[in-house]
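Here is how the chains run, residue by residue.
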Amino acid sequence: MASNSTKSFLADAGYGEQELDANSALMELDKGLRSGKLGEQCEAVVRFPRLFQKYPFPILINSAFLKLADVFRVGMLGSLASIIPERKNAHHSIRQSLDSHDNVEVEAAVFAAANFSAQSKDFAVGICNKISEMIQGLATPVDLKLKLIPILQHMHHDAILASSARQLLQQLVTSYPSTKMVIVSLHTFTLLAASSLVDTPKQIQLLLQYLKNDPRKAVKRLTIQDLKLLANKTPHTWSRENIQALCECALQTPYDSLKLGMLSVLSTLSGTIAIKHYFSIASGNVGSSPRSSDLVRLAQECCYHNNRGIAAHGVRVLTNITVSCQEKDLLALEQDAVFGLESLLVLCSQDDSPGAQATLKIALNCMVKLAKGRPHLSQSVVETLLTQLHSAQDAARILMCHCLAAIAMQLPVLGDGMLGDLMELYKVIGRSATDKQQELLVSLATVIFVASQKALSAEVKAVIKQQLESVSNGWTVYRIARQASRMGNHDMARELYQSLLTQVASEHFYFWLNSLKEFSHAEQCLTGLQEENYSSALSCIAESLKFYHKGIASLTAASTPLNPLSFQCEFVKLRIDLLQAFSQLICTCNSLKTSPPPAIATTIAMTLGNDLQRCGRISNQMKQSMEEFRSLASRYGDLYQASFDADSATLRNVELQQQSCLLISHAIEALILDPESASFQESGSTGAAHADSEYERRMMSVYNRVLEEVDSLNRKYTPVSYMHTACLCNAIISLLKVPLSFQRYFFQKLQSTSIKLALSPSPRNPAEPIAVQNNQQLALKVEGVVQHGSKPGLFRKIQSVCLNVSSTLQSKSGQDYKIPIDNMTNEMEQRVEPHNDYFSTQFLLNFAILGTHNITVESSVKDANGIVWKTGPRTTIFVKSLEDPYSQQIRLQQQQAQQPLQQQQQRNAYSRF
């Protein structure tokens, strides 16, 4: 029976039909583990569980685990390099394993050496000579040399180390001309140059030399790949000669695949500083201009190539040259770029294959860039897009709508011209309920909202609603409503949200949609504001606040523990407080008419030595308003810092709200409270910033106009006059007349980042304190894990985590003693860098005062740009400081020694009495 089981196992294992015992079977599997082929190794590992099932003997299982551990030992060590990069015993183990006679162990040591070299400078310095000896050694097999050479790419920790690695690689490229050796050496060469930033121009020249002279296509493909890497990472190191050599190679090669790769490198360079350097030097030469250069000639030849990829890169190069070169006599280049884009658009818009869509994206991006850099060409670009929209495929139409929206955002003057064609197209699309048709409805509606700029006309609303009524997809309606809220078309958004209220199955979704409807209604109430009509402004703000309060109640009901809607709630609360502050300021300005200063106000001002008192009680009210707006600006700043996962447009929106508060605060101070010391230089500089949206453009226009009016009044009139109060009220109305934009982060969270903290020691019950003696220090260990969503690091990444630990005394116990102030509080801060999203650190806390202390640990993060974000969380534990036994014993002895003396004093007092 045993022999049959052995036979069946060995048959399954593929080692023949002969009957072997357990040890022989283990030896056969061991041969598979030590095989040089990865497939045989994996197969041997998979067979081990079957061996354990057939032969469950402790001796055999122990031997098998030792063999498996020997295989994975060094390889596992390499995976731990990011955690233990400076562990000396690990360094020593890797060096020893490189000298092993076991091929599996040597390969694992090579893997570990590469990982540790990337993490540890000490290990890289120590292992460099060892790797060099093995690579140059005659006894080292070629396959092992090919695995050892890539380790040299990590020798970039200092210039001397990088130079020695480069010399070795130069020698290898010359000494070993085989294809595999040249490819591996050149690629390692490139990675080393890109990481060390030393001799990068020499590496570019070397790659171009191989691209031009080496006939092997594999080597040419490798050089193009490496040139693309260097073009992305270090475009400033490319000289004119380098670009010229690459152009000559692209003009001479007969192979489309190689030409495509070279054009890809040139198109990458054309969008960087390298192209400006190329033409700035070229223009200094006699008879040389952008129109006559080889780069332009190559791009013009490739614009109409039968290969879509080559044509796309050629058009991209022409577009970048046209935008970058500021010469006025580039009409021929501009026409070539426009005609090339039009031909690509016609070709790719009729094809819905993935390759055609990728090429179309390149062409559309070039159109946006060309319209922005050369505004006089934008009209023809828009007309081409609108013409092609009618005959294009749905997938291409969606991309073209995105392009039109981007152009209209940059050049609002083009919006009215495209609105008619867009409405005609909107009437004829959306006949089917396919996903592409639904997406097209959303994209086209977005372009219409952008093109309208101001409130939608009744005709536009009717067309959109009529088209949406035939669409049963509520998600499409919601997306269009969301876009309307982002573009400030709150009237349209309110009606769409209203239509969706009865189409959701969850009460949380119902409350969410209801809150959006109320917010849109609230903002719609502010569209009736008119300058110089302050009573109407107060009624409009009051009506808006009514709907905002309804909306915040629904928004609170829509939140759940998993989705607390913290950003949305805080943003709306700030909007409510801002509207209330605006209303209060208008009432304060009106009080100058309803309650003017008393007749003795001037006398009171002279008596108190405060000139503002002659204005009456409005001066104190204005001071309170100014403080209120500064407080709101601070709260907007806190919201900004807490929004680590927000997109840039949402953050800019929050920043604009903060600037609105600071603007009104500054106007109050400059006009009324302190006209002499107010400075307009810092505030006026905000107008020079580039606006990326119509909302931002309009807000910046209001800021500049208000600052100009405040500046003119500040110089002409003394405060406080009716002109000053009218200026403040008009500034408020101007700000509120710009429809508020609810940006993407209000609806959608594309990036999700959270930190989870664990403290030790920690009590079993959170309400119970941790007992600590007052003469000892508590070692508080803080561990944390950074948790991400589906798109980690989409907008920004965590560089380091800042941990702040503070303690406060909650209640005292026992007598008060004289204790140094340093021992009474704990306030510490440490910065740690996460490794694989994990971090840990320790704090030593002192609790000299007896009683219960509250320890608060709060985390914040620092991104790659050095900006600190208050992401949280905030964790609290309690510590009870107890008197140590020795001090308690001494205190009791002192008390006992004092008791007879006190009793004797009492008896003496009684005897005298």
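Along each chain, the written sequence defines residue order, and numbers are assigned to residues from 1. With the structure being a predicted model, the display of local features is reserved for residues of pLDDT at least 70 and the display and counting of side-chain atom pairs for 80 or more, all residues being used for whole-chain, interface and lining totals. Side-chain numbers come from the whole structure's heavy atoms, not from hydrogens or water.

**Focus: the packing of helix H10 (residues 179-196) against helix H11 (residues 200-213)**
Here is step 1 of the chain: Between the N-to-C directions of two axes lies an angle of 0 to 180 degrees, each axis being a line fitted to C-alpha atoms and, for a helix, fitted only over the stretch in contact. Per the convention used, a helix needs a DSSP run of H or I reaching at least four residues, while a strand needs a run of E reaching at least two, with both numbered from the N terminus. Look at H10 against H11: their axes get within 9 Å of each other, and the N-to-C directions meet at 155 degrees. Between H10 and H11, the interaxial angle falls into the category roughly antiparallel. Crossing angle aside, the handedness with which H10 passes H11 is left-handed. Along the contact surface, H10 presents Val182, Leu186, Phe189, Thr190 and Ala193, while H11 presents Thr200, Gln203, Leu206, Leu207 and Tyr210.
Here is step 2 of the chain: When grouped by side-chain class, the residues that make up the contact of H10 with H11 number 7 nonpolar, 3 polar and no charged. Comment on the angle field: the value is read as roughly parallel under 35 degrees, roughly antiparallel over 145, roughly perpendicular from 65 to 115, and oblique elsewhere. Left-handed describes a crossing whose near helix is turned anticlockwise from the far helix by less than a right angle; the clockwise case is right-handed. Contact definition: two residues touch when any of their heavy atoms are within 4.5 Å. Nonpolar residues are Ala, Val, Leu, Ile, Met, Phe, Trp, Tyr, Cys and Pro. Charged residues are Asp, Glu, Lys and Arg, and all others, Gly as well, are polar.

**A look at a nonpolar patch on the surface**
Here is step 1 of the chain: Together, Val504, Phe509 and Tyr510 line one region of the surface with nonpolar side chains, adding up to about 270 Å² of accessible area.
Here is step 2 of the chain: Secondary-structure assignment places Val504 in the loop between helix H26 (490-500) and helix H27 (507-525). Only residues whose relative accessible area exceeds 30% and that form no salt bridge are eligible for patches; like-charged ones are grouped when within 9 Å, while nonpolar side chains (Val, Leu, Ile, Met, Phe, Trp, Tyr) are grouped when within 5 Å. Note on areas: Shrake-Rupley, 1.4 Å probe, and residue coverage restricted to the protein chains presented here. When a carboxyl oxygen of Asp or Glu lies within 4 Å of a side-chain nitrogen of Lys or Arg, that pair is called a salt bridge.

**Points about the environment of Asp421**
Here is step 1 of the chain: With respect to the helices and strands, Asp421 occurs in helix H22 (residues 415-428).
Here is step 2 of the chain: The spacing of Asp421 and Thr387 is 34 residues in sequence and 8.7 Å in space, taken between C-alpha atoms.

**Things to note about the packing of aromatic side chains**
Here is step 1 of the chain: Here a pair means two rings of Phe, Tyr or Trp (six-membered ring of Trp) with centres within 6.5 Å. Their orientation is stacked below 30 degrees between planes, edge-to-face above 60, and tilted elsewhere. Scanning the entire structure with this criterion turns up 20 aromatic pairs.
Here is step 2 of the chain: Geometrically, the ring pair formed by Tyr278 and Phe279 is edge-to-face, given 4.9 Å between the ring centres and 80 degrees between the ring planes. By the burial criterion, Tyr278 is buried, and Phe279 matches it.
Here is step 3 of the chain: By way of ring pairs, the aromatic residues Trp512, Phe519, Tyr548, Phe567, Phe571, Phe742, Tyr745, Phe746 and Phe747 are connected into one cluster. Working definition: with a 1.4 Å probe on protein chains only, accessible area under 20% of the residue-type maximum means buried, over 50% means exposed, and in between means partly exposed.

**Observations concerning the environment of His187**
Here is step 1 of the chain: On the secondary structure map, His187 appears in helix H10.
Here is step 2 of the chain: For His187, a relative accessible area of 24% gives the class partly exposed.
Here is step 3 of the chain: The spacing of His187 and Thr223 is 36 residues in sequence and 8.0 Å in space, taken between C-alpha atoms.
Here is step 4 of the chain: Among residues more than four places away in sequence, those in contact with His187 are Leu222, Gln225 and Asp226.

**Overview of the confidence of the model for the protein**
Here is step 1 of the chain: In predicted models, pLDDT denotes the confidence assigned by the predictor to each residue on a 0 to 100 scale. Scored by pLDDT, the protein has a mean of 85; 88% of the residues are at 70 or more.
Here is step 2 of the chain: Contacts for the low-pLDDT stretch residues 1-19, under 50 throughout, to residues beyond four places or in other chains number 26 contacts.
Here is step 3 of the chain: Note that pLDDT drops below 50 for residues 680-689; the model gives that stretch 14 contacts with residues more than four away or on any other chain.

**Some points on the packing of helix H14 (residues 256-270) against helix H17 (residues 308-324)**
Here is step 1 of the chain: Packing of H14 against H17 brings their axes to within 9 Å, and their N-to-C directions diverge by 25 degrees. The angle between H14 and H17 falls in the class roughly parallel. Judged by the sense of rotation from one axis to the other, the crossing of H14 with H17 is left-handed. Every residue of H17 that contacts H14 at Asp256, Lys259, Leu260, Leu263, Ser264, Leu266, Ser267 and Ser270 is listed here: Gly309, Ile310, His313, Arg316, Val317, Asn320 and Ser324.
Here is step 2 of the chain: In the contact of H14 with H17, the residues fall into 5 nonpolar, 7 polar and 3 charged.

**Section: helix H12 (residues 217-233)**
Here is step 1 of the chain: A helix is expected to reach a length of 1.5 Å times the quantity of its residues less one. Compared with an ideal rise of 1.5 Å per residue, which puts 17 residues at 24 Å, H12 spans 24 Å between its outermost C-alpha atoms and is within 8% of the ideal.
Here is step 2 of the chain: The elements touched by buried residues of H12 are H10, H11, helix H13 (240-252) and H14.

**A look at the pattern of salt bridges**
Here is step 1 of the chain: In the structure shown here, the tally under the stated rule is 31 salt bridges.
Here is step 2 of the chain: For Arg297, the salt bridge is made with Glu301, and the minimal N-O distance between the two is 3.8 Å. One end of the pair is Arg297 and the other is Glu301, both in helix H16 (residues 294-302) and 4 residues apart, which spans about a single turn.
Here is step 3 of the chain: Given the relative accessible area of 40%, Arg297 is considered partly exposed.
Here is step 4 of the chain: Here Lys517 and Glu518 are joined by a salt bridge, their closest N and O atoms 3.5 Å apart. Judged on exposure class, the residue Lys517 and its partner Glu518 are both buried.
Here is step 5 of the chain: One network of salt bridges, in which partners are shared, links Asp30, Arg34 and Asp102.

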